[in-house]
Every structure is written in structure tokens, then in C-alpha cells.
Amino acid sequence: MSPPVAPPGWSRWLVPPAALSVHLSIGQAYAWSVFKPPLESALGLSGTQSALPFQLGIVMLGLSAAFGGTLVERNGPRWAMTVALVCFSSGFLLSALGASLEQYWLIVFGYGFVGGIGLGIGYISPVSTLIKWFPDRPGMATGIAIMGFGGGALIASPWSAQMLESFGSDSGGIALAFLVHGLSYAVFMLLGVLLVRVPRTEKPVADGPSVLAGPQVSARSAVRTPQFWCLWLVLCMNVTAGIGILEKAAPMITDFFADTSTPVSVTAAAGFVALLSAANMAGRIGWSSTSDLIGRKNIYRVYLGVGALTYALIALFGDTSKPLFILCALVILSFYGGGFATIPAYLKDLFGTYQVGAIHGRLLTAWSLAGVLGPLIVNWIADRQEEAGRHGASLYGLSFVIMIGLLVVGFVANELVRPVHPRHHVPQPKEADRVQQSESA
């Protein structure tokens, strides 16, 4: 399924809304923590068990992006968005059936495995196209689209909480909420499928740089460079640190202030999830646009270095001040989102645009590991601490110390990034141009 080529005079600013319709939908994944307490209560699950659908979804996101990246480049964004629509919506429908039958494995399979494939293909579907439309501002362009993935929970979190309140938080109510999600997102994602276009030429911006200007590296060669693996480590560490908070956001803020005079209600906890989503979304457009001005390496120094310091503040003083805890969490999530939005432009700077979509897909395997590692660290340690009789903020202290260490590792990896050696470049840029155009046709 090839997307229609943009007619003469067609505005490139119509591409970001197409991408947003997909990313805002699949960004619902970040609101999973709203479903955790009801599932734990209705099906008798632990915190670690209730995280499984989310964890598997992130694993499948990275794997499907890695294995499907080349197909996305070859078949175009409309094909990718259609696959994402079918898989993501089907995942919710299977989860609805699983909740109705009280078969948790079906929720894990539906939301995690099937829906996770939709997450991965949908996530990378517009990236290469956006970079081709906006070669002059790649950080801003990818930030606009990927902002939607971070902002999806801003809509989904209160929406899901309201549905659970209206339908009930038992297995039947959860099933109905999943069903409404699946059908609604299918309609919304269809808008992106119908709207997306590809540029007519390799130079959509008359006064901008050529899409294939500068060094070009194939996806096969990119994975053989140390730069790729340094960025893989950078992304993995940054995502692990952010997703550890995000996946357990609602119960975490409740635990932190459970023993204080101002405990956090269920509604307020859902509001906290929405705030984190807003920070995640704002960081994706704000920090990625800033990277166009100060450079990718410098912006990652901020994400990783300042992020480590912010985690230290939460670990030391988070339980003494609710505003401080919330502010630090918002900063960390803005860096988390900014890291995702900036990485395609970082890849473009190092490897060119020749096969940047496929390279981006392979890099997202770092997200697969982080999607397991972050929630596992936080949930497993919290469960063990609770079994030992601890409660409140003490459930998370060790987890935060580990996150600080991971961010330091990512900071060092970012410092090791250097320009790609010329031996990895595509030797004949004109041939690369011809191949790229034939793959897009």
C-alpha cells in the first residue's frame, strides 16, 4: 500500500497532524498505570504481575520496530499506519475479551503482544517521512509527531479513570473500558492513514538542504558502528529511568504520601499521571526543538546529567514535600520524552537520511530492554520492601539510587559519541538516492 504523493503546492504542515493522529492513539500505553489497581483488585494480581501487559507491549514495540523498520521504509507510511491501526485496536479487543472472561493471559497477549506490534510499527511510521519533509528542522519535526505519543496519556488517563468510575472497576467494567478504547482509537488512527502524503521530490523545501546531503550510512552498516551502540545505551538508560516512574506513577505517589496528613486520592493520582503525560509531551517538542539550536550531544548531557541530579532530589527529599516530588517527576518525564523525540535527529546527524527509519527501528530495541528493566526494578524492589514490612517512600529508595547509576552510565556513553568513520558511508550518494526513491515508490 503506497501513500499518495503530495500534489504541487500541498503543505508539508499537514504531515504532522497525520502523524499525531497515530501517536496520540498509541500513546495510551503511558496511561497503563490507571488500569493497574483495578486489575490487581479484580484479578488478584501483584504489582509486578499487573505490569506485564505494559512491559510486553514495550518489548514488542522495540522488536517490531527493529524487524519492521525496513518494511516501513519500503512500503511507506500509509502501509505502516494501517498495520498499526489493526494491531493496536485488535489488542484492546482481545484484552476486553480477556477481562470479561477473567483470563489475564489473554490481556497480556492482546495488549502486550498484539497491541505492542501496533505500538512499534505506529511509532516509527511517520519518522522517515517527517525528516524528508523537514530536512531543515528535523528535531522540531520529529518532536511534533513523537510529542503525540507522550501526550496520549494526557487524554487517556482521565478518560480511562472516568470510564472505570462509570462502568465499574470489576472485570466487567474493565472489559467495557478496553472495548471502548479499541473502537475509538481505530476511528482516530484512520484519519492519519487517509491524510498522510510523501514528498514529490527529495527536496521538499526549496531553500532547505537536500534530503541526502552529507554522509549517508545504510542500516546494515550503522549497526556495525560504535556510534550506534553508544546511542543504544544512551536511549536505554534514559528510558529505563523515566519509565520506572511512569509505569507505576499512580500507586507511587499514593505510597509516597500515604503516611502524611495529606494523602493522595485515586482521582488525584490519575491527575498526576495526566500531569506526567503533559510533561512527557512538552519535553518532546520543547527539548527536541532546543536540540536544533544547541546540538544533540549537548541536549543529552542535560537529559542524563540533570536527570541524575533530579532523581537524587526525589530520593533525599521527595517525601517531605509534595510540590518538590511532583516537580522533580515532571522534569524527569520531560527529559524522558525529549530523549525519544531527539534521537531520530541525532541518528540523522550521524548516519544521514538514507535509511534513518530502519536505523531508528533497530535502535528502539533499547526501548524493549528498558521497558522490562525500568518497571521490573521499581515493582520488584517495591514488592520485596513491602514483604519486609516497609511502606511509604521507603519502598522506592533503592530503585531511585539504581536509576541515578543508570543515568550516569548513559551520560558517559553520550560523551563517547563521535562522527561516523567514512568507511561506513555509502560510497555513491547518487546510487543511494536511486535506491531510496525505488524503495519509496
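Predicted model, so just to flag it, every value in this text is computed and none were measured.

*Asks:* Quick one: what's the story with the overall build of the protein chain, residue by residue and with numbers?
*Replies:* What the protein chain contains, in helices and strands, is 19 helices and zero strands. The globule rule puts the C-alpha radius of gyration for 441 residues at 22 Å, and the 21 Å found for the protein chain is close to it. C-alpha atoms of the protein chain, sized along the principal axes, occupy 65 × 45 × 30 Å. Within the protein chain, the proportion of its 441 residues that are buried is 59%. Counting only contacts in the protein chain whose residues sit at least 6 apart along the sequence, the fraction spanning at least 24 positions is 85%. As presented, the protein chain carries roughly 16000 Å² of accessible surface, and 67% of it is formed by carbon and sulfur atoms.

*Asks:* Any chance you could break down the packing of aromatic side chains for me, citing the residues and the numbers?
*Replies:* Following the criterion strictly, the structure yields 34 aromatic pairs and no others. Relative to F178, the ring of F35 has its centre 4.9 Å away and its plane inclined at 35°; by these criteria the two rings are tilted. Of the two residues, F35 is situated in the loop between α1 (15–26) and α2 (36–43) and F178 in helix α9 (residues 171–195); the sequence distance between them amounts to 143 residues. Site record: aromatic cluster; members linked through ring pairs are W32, F35, F88, F92, Y111, W159, F178 and Y185. Residue placement shows K322 over the ring face of F257; its charged tip is 5.5 Å from the ring centre.

*Asks:* I'd like to hear about unusual backbone geometry, residue by residue, with values.
*Replies:* Of note in the backbone geometry, E102 takes a positive phi value of approximately 55° without being a glycine. Tracing the chain through its elements places E102 in the loop between α5 (77–101) and α6 (104–124). The class of E102 is partly exposed, set by a relative accessible area of 47%.

*Asks:* Please set out the side chain of K36 residue by residue, giving values where relevant.
*Replies:* Secondary-structure assignment places K36 in helix α2. The class for K36 is buried, based on a relative accessible area of 0%. Within the structure, the side chain of K36 is placed 3.0 Å from the backbone oxygen of G47, a separation counted as a polar contact. When neighbours within four sequence positions are excluded, K36 is seen to be in contact with G47, S50, A51, E247 and N379.

*Asks:* Just give me the short version of helix α15 (residues 322–351), but keep the residues and values in it.
*Replies:* With 30 residues, α15 ought to run about 44 Å at 1.5 Å a step, and its terminal C-alpha atoms sit 43 Å apart, in line with that. Where α15 bends most, the angle comes to about 35°, and this point is T342, followed within four residues by the proline P344. The element α15 is largely enclosed, with a buried count of 21 among its 30 residues. Between a side-chain oxygen at the N-terminus of α15 and the backbone nitrogen of L324 the separation is 3.2 Å; the capping residue is S321. Directly beyond the C-terminal end of α15, a positive phi value near 80° is found at G352.

Criteria and cut-off values
- Within every chain, residues take consecutive numbers counted from 1 along the sequence as written.
- Where totals are concerned, whole chains, interfaces and linings use all residues; where local detail is concerned, this predicted model gives features only for residues with pLDDT of at least 70, and gives and counts side-chain atom pairs only at 80 or more.
- Hydrogens and waters are ignored; side-chain quantities use all the structure's heavy atoms.
- Numbering of helices and strands runs from the N terminus; a helix is a DSSP stretch of H or I covering at least four residues, while a strand is a stretch of E covering at least two.
- Radius of gyration: C-alpha atoms only; globule rule: 2.2 Å multiplied by the number of residues to the exponent 0.38.
- Working definition: with a 1.4 Å probe on protein chains only, accessible area under 20% of the residue-type maximum means buried, over 50% means exposed, and in between means partly exposed.
- Contacts were defined at the residue level, with two residues in contact if any of their heavy atoms lie within 4.5 Å.
- The protein chains shown are the only cover counted for residues, whose accessible areas, like all others here, come from Shrake-Rupley with a 1.4 Å probe.
- Two rings from Phe, Tyr or Trp (for Trp, the six-membered ring) form a pair when their centres sit within 6.5 Å of each other. Planes less than 30 degrees apart are called stacked, planes more than 60 degrees apart edge-to-face, and all others tilted.
- Two conditions define a charge sitting above a ring: the NZ of Lys or the CZ of Arg must be within 6 Å of the ring centre, and it must be within 35 degrees of the ring normal.
- For the purposes of these results, a polar contact is taken to be a pair of N or O atoms within 3.5 Å, where, inside protein, one atom must be able to donate a hydrogen and its partner to accept one; residues adjacent in sequence count only when each atom of the pair is a side-chain atom.
- Working rule for helices: expected span equals 1.5 Å times residues minus one.
- To get the bend at a residue, fit one axis to the 7 residues ending there and another to the 7 starting there, then take the angle between the axes.

Take it as geometry only, folks, not as evidence of what the structure does.
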